[in-house]
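Given next are the chains, with one letter for each unit.
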Amino acid sequence: MNKYFVFGLALLIGTSIVIAEEAISSKFVNALKTCSSSYSESGNFTTEGMNVTSQKRILGWEGDRCVYQETVKFSEINSCITCKLTKSQISELASVMQAYELVQKYSKEEVDTSKLSAVENNPVVKVWNKYLQDSSVCTITTK
């Protein structure tokens, strides 16, 4: 798969996670920390003039890894991302998301999702992208 496409898709996924962080941050972080298979959420946002639909689910433990799955639809592309996260990876993700949530609480800054470049330096996007670009942790399939 083209590395630029993967990077762009990773930014879209990171953007959807940041948007989820604004809306239901504690709920998502707690579900991820406990690998709660009862967690699912869907939403829509617009970036780069594209309407993006995202559905996130935590599927539960598979051995010693928590399975997180997200489907992202934009333009005519349907993607499915599956991440199998270790406890230490979950801890890192949760720590960054909680720290970001705390900063957002006091800064009252709105996240600009109009362009992918506007969120590429967001700490939540960066930590997720680290794993999204590691094929031993996350796999991305497109239709």
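Because the structure is a prediction, the values reported are computed rather than measured.

Each value, and the rule that gives it
- Positions within a chain are numbered from 1, following the residues in the order the chain's sequence is written.
- Predicted model: local features are reported for residues with pLDDT of at least 70 only, side-chain atom pairs are reported and counted for 80 or more only, and whole-chain, interface and lining totals are derived from all residues.
- The side-chain figures draw on all heavy atoms in the structure; neither hydrogens nor water molecules are used.
- Buried residues of nine kinds, namely Ala, Val, Leu, Ile, Met, Phe, Trp, Tyr and Cys, make up a nonpolar core once their side-chain atoms join them within 4.5 Å.
- Working definition: with a 1.4 Å probe on protein chains only, accessible area under 20% of the residue-type maximum means buried, over 50% means exposed, and in between means partly exposed.
- We count a stretch as a helix when DSSP gives it H or I for four or more residues in a row; a strand needs E for two or more, and each element gets its number in order from the N terminus.
- In what follows, a contact means two residues having at least one pair of non-hydrogen atoms within 4.5 Å.
- Think of it this way: a Phe, Tyr or Trp ring, Trp meaning its six-membered ring, pairs with another when their centres are within 6.5 Å, and the plane angle makes it stacked under 30 degrees, edge-to-face over 60, tilted otherwise.
- Geometrically, a lysine NZ or arginine CZ counts as sitting over a ring once it is within 6 Å of the ring centre and also within 35 degrees of the ring normal.
- The salt bridge definition used is simple: a Lys or Arg side-chain nitrogen within 4 Å of an Asp or Glu carboxyl oxygen.

K.L.:
Quick rundown of the nonpolar core? Include the residues and the values.
P.N.:
Counting 29 residues, the largest nonpolar core has Leu-32, Ile-58, Leu-85, Leu-93, Met-97 and Trp-128 as the members making the most contacts within it. Only helix H1 (3-34), strand S2 (50-62), strand S3 (65-74), strand S4 (77-85), helix H2 (87-107), helix H3 (123-132) and strand S5 (138-142) provide two or more residues apiece to this core. Discounting chain neighbours no more than four positions away, the residues touching Ile-58 are Ala-31, Leu-32, Cys-35, Ser-36, Ser-37, Tyr-39, Cys-66, Val-67 and Tyr-68.

K.L.:
Explain the packing of aromatic side chains to me, using residue names and the numbers behind them.
P.N.:
A full pass over the atoms with the stated rule returns three aromatic pairs. Seen in terms of ring centroids, Phe-28 and Tyr-68 are 6.0 Å apart; in terms of plane orientation they differ by 70°. Their pairing is edge-to-face. Of the two residues, Phe-28 sits in helix H1 while Tyr-68 sits in strand S3, which places them 40 residues apart along the sequence. Residue Tyr-68 is classed as buried on the basis of its relative accessible area, which comes to 1%. Taken together, the ring pairs connect Phe-28, Tyr-39, Tyr-68 and Trp-128 into an aromatic cluster. Its end group placed over the ring of Trp-61, Lys-87 keeps NZ or CZ at 5.7 Å from the ring centre.

K.L.:
For the pattern of salt bridges, give the residues involved together with the corresponding values.
P.N.:
Taken as a whole and assessed by the stated rule, the structure comprises three salt bridges. Put simply, Glu-70 and Lys-56 hold a salt bridge, and the shortest N to O gap is 3.7 Å. Of this pair, Glu-70 sits in strand S3 while Lys-56 sits in strand S2, placing them 14 residues apart in sequence. Take Glu-70: its relative accessible area is 0%, and that puts it in the buried class. Residue classification places Lys-56 among the buried positions, given a relative accessible area of 3%. For Glu-62, the salt bridge goes to Lys-84, with nearest N and O atoms at 2.7 Å. One end of the pair, Glu-62, is in strand S2; the other, Lys-84, is in strand S4, and 22 residues separate them in sequence.

Treat this as a map of the structure, not an account of what it does.
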